[in-house]
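What follows is the residue order along each chain.
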Amino acid sequence: CQLPAEWRPLSEGCRAELAAIIVYARVLALHPDPYGAYNYLPWQRGPPGSPQQGAGDLFYSAEIELLCDQAWGSMLEVPAGSRLNLTGLGYFSCHSHTVMQGYAYFFFLRMDENYILLPHGVNFQEAIFPDTQENRRMFASLFQFSNCSQAQHMLSFSSDWEIQEDNRLMCSSVQKALFEEEDRVKKLQQKVATLEKRNKQLRDRVKKVKRSLRQARKNSRHMELVNRKLSEKLSSAGGQIPYINSLKQENSHGTYLKV
């Protein structure tokens, strides 16, 4: 159930713009689904299609009847009154797509490569919305449902729907801009971290240079002290050199006379 690191919550209206198919439909019947490619739990080890114990009541499909034509911009080209099969419903480990027979819902749907209809949980969020007054107002103001049955006349969009649509920013564009801005901020943060690392390396180098300079000064003072002491010893020994030379001359002259 771990969401991606860059995950951000999106509103229902924004996610509705990104959904592939949106329908307003009533659930006519529910049918248990066997373990398969879309219905499985992590602890079920067998391959898809194999019998599984204890999973029969968790997964099911639904037969739904469209109460209106699909929402404006939807990819599904079927009229109101059409009946469709929707699978991928049930209680999963990290999410649930559940409906009840006899009730109406707004569905975010997608179609796989085998033309099977599944809930479309855009942005890892809810894909099925109950038929409430609040959801009716929200979806009717966001999307144009046409040819609704007489019992569902409340879904007729308001006269200012087109004005709202013209004045409303597309959430996909806003989301793209937000992600681009977050990427830019992330790159800037990485650059700042790199510069801080380099700055730390430079500070460490400066500390080493200062330490070496202090050691060099200390060694220089020590050498000066050694040289001073050596000079003092040489100067004190320099006074004895003439006396030694005179002794050598006397000894050499005496030896010459003796010979």
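Residues numbered from 1 in each chain as written. Predicted model: local features only at pLDDT ≥ 70, side-chain atom pairs only at ≥ 80, totals over all residues. Heavy atoms only, no water.

### Quick look at the overall build of the chain
Secondary structure summary: the chain contains 5 helices and 7 strands in total. Each helix and strand of the chain, ordered N terminal to C terminal, gives the series α-β-β-β-β-β-β-β-α-α-α-α. Buried positions account for 29% of the 259 residues belonging to the chain. A fraction of 67% describes how many contacts in the chain between residues 6 or more apart in sequence connect residues 24 or more apart. (Helix = DSSP H or I, 4+ residues; strand = E, 2+ residues; numbered from the N terminus. Buried < 20%, exposed > 50% of the residue type's maximum accessible area, 1.4 Å probe, protein only. Contact = heavy atoms within 4.5 Å.)

### Topic: helix α2 (residues 133-142)
For α2, the full list of buried residues reads N135, R136, F139, A140 and L142. On an axial view of α2, the arc spanned by its buried residues comes to 165 degrees, and they lie on one face. Exposed and facing more than 90 degrees away from the buried side of α2 are E134 and R137. (Arc of directions from axis to C-beta.)

### Side note on the pairing of strand β2 (residues 59-66)
Residues in a regular strand project their side chains so that they alternate between the two faces of the sheet. The buried fraction of β2 is high, at 6 of 8 residues. Note: strand β1 (residues 21-32) against β2, 7 bridges, orientation antiparallel. Bridge assignment links R26 to a residue of β2, and that residue is E65. Here β2 runs beside strand β3 (residues 83-91); their pairing, made up of 6 bridges, is antiparallel. What sits directly across from Y60, in β3, is L89. (Pairing = 2+ DSSP bridges.)

### Structural notes on the side chain of T87
If you trace the backbone, T87 turns up in strand β3. There is a polar contact of 2.6 Å between the side chain of T87 and the side chain of D33. (Polar contact = N/O pair within 3.5 Å; in protein donor to acceptor, adjacent residues only side chain to side chain.)

### Things to note about the confidence of the model for the chain
The predicted model of the chain has a mean per-residue pLDDT of 77, with 70% of residues at 70 or higher. Taken element by element, the predicted model of the chain shows its lowest mean pLDDT in helix α3 (residues 161-167) (49) and its highest in strand β7 (residues 128-130) (95). Across residues 48-55, confidence stays below pLDDT 50; counting only partners more than four residues off in sequence or on other chains, it has 10 contacts. In this model, residues 255-259 is a region of pLDDT below 50 whose contacts with residues beyond four sequence positions or in other chains number 0 contacts. (pLDDT = per-residue confidence, 0-100.)

### Quick notes on the side chain of S82
Structurally, S82 is set in the loop between β2 and β3. The class of S82 is buried, set by a relative accessible area of 18%. Of the polar contacts made by the side chain of S82, one reaches the backbone oxygen of P79; its length is 2.8 Å.

### Focus: the packing of aromatic side chains
Following the criterion strictly, the structure yields 6 aromatic pairs and no others. Where F106 meets F139, the ring centres are 4.7 Å apart and the plane angle is 20 degrees; that geometry is what we call stacked. Here F106, found in strand β5 (residues 104-111), pairs with F139, found in helix α2; they are 33 residues apart in sequence, far enough to count as distant. Judged by relative accessible area, F106 falls into the buried class, the value being 0%. Ring-pair connections join several aromatic residues into one group, and the members of that group are Y24, F106, F108, F129 and F139. (Phe/Tyr/Trp six-rings, centres within 6.5 Å; stacked < 30°, edge-to-face > 60°.)

### Observations regarding the pairing of β5
Summarising burial for β5: 6 of the 8 residues are buried, a large majority. Relative to β5, β1 runs antiparallel, the two sharing 6 bridges. If you follow V23 over to β5, its bridge partner there is F107. In terms of strand pairing, β5 meets β7 through 3 bridges, oriented antiparallel. Residue Y105 lies in a different strand from β7, and its bridge partner there is P130. Pairing analysis gives 3 bridges linking β5 to strand β6 (residues 117-119), with the strands arranged antiparallel. Within the sheet, the bridge partner assigned to R110 lies in β6 and is L118. Taken together, β5 and the strand that follows it, β6, pair antiparallel across an intervening segment of 5 residues, in which Y115 is found at a positive phi of about 60 degrees.

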